[in-house]
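Coordinates in review
Next come the chains, spelled out residue by residue.
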Amino acid sequence: MESVSLDKIIDSLVQDLGEGLVATDVWIDGKLESQIKLRGRKSPPGAIALFDDVTKKVDKALKGADYPGLGHYYIINLPGNHLAVVLLSGSFRQYLLIDLSKTTMGILFSVALPNLIGALAKAKIKETKQSRGTSGFWNLLSSWSMGGHIDNGE
């Protein structure tokens, strides 16, 4: 994805959540390298490594207890009125660090996340028109925008 498109998407997320959006990162499972950074707001050190590890451990624990594993996202309630929301599909991951004293769960789940998913889906359409193939990242976006889950045989 072009950085200009990604910047616009992040700007929209900031508009929806305002100061409630503390940080966000997108990474590929196991690679632990940020694909984006929220400009002007520093991500907590080690956040990607932490959430990558937690995601794997929770998914493994659920499967070990005869649950199907993690779905599209999970939420961790943190001290200080904060939430960590981790979205996942295939090998892609994104986390949002949210300050609930500056936004609400209602805004997060009824406005910000649907707008984020819609913006990413539009970027996918634009990008797809410019290129022949689709990547795993676009499969991730499609699953988010359609509310489905892509099983990559993992």
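Residues numbered from 1 in each chain as written. Predicted model: local features only at pLDDT ≥ 70, side-chain atom pairs only at ≥ 80, totals over all residues. Heavy atoms only, no water.

**Re the pairing of strand β4 (residues 92-99)**
A regular strand carries its side chains on alternate faces of the sheet. The element β4 is extensively covered by neighbouring structure, given that eight of its eight residues are classed as buried. Residues F92, Q94, L96 and I98 of β4 are buried on one face, and the alternating residues R93, Y95, L97 and D99, pointing to the opposite face, are buried as well. As paired strands, strand β1 (residues 21-28) and β4 are joined by seven bridges and run antiparallel to one another. Bridge pairing links D25 to Y95 in β4. (Buried < 20%, exposed > 50% of the residue type's maximum accessible area, 1.4 Å probe, protein only. Helix = DSSP H or I, 4+ residues; strand = E, 2+ residues; numbered from the N terminus. Pairing = 2+ DSSP bridges.)

**Quick word on the packing of aromatic side chains**
Under the counting rule described, the total for this entry stands at two aromatic pairs. Plain terms: the ring middles of Y73 and F109 are 5.9 Å apart, the flat faces sit at 35 degrees to each other, and that makes the pair tilted. Within this pair, whereas Y73 is found in strand β2 (residues 73-78), its partner F109 is found in helix α3 (residues 105-130), the two being separated by 36 residues in sequence. Given a relative accessible area of 43%, Y73 falls into the partly exposed group. Judged by relative accessible area, F109 falls into the partly exposed class, the value being 28%. (Phe/Tyr/Trp six-rings, centres within 6.5 Å; stacked < 30°, edge-to-face > 60°.)

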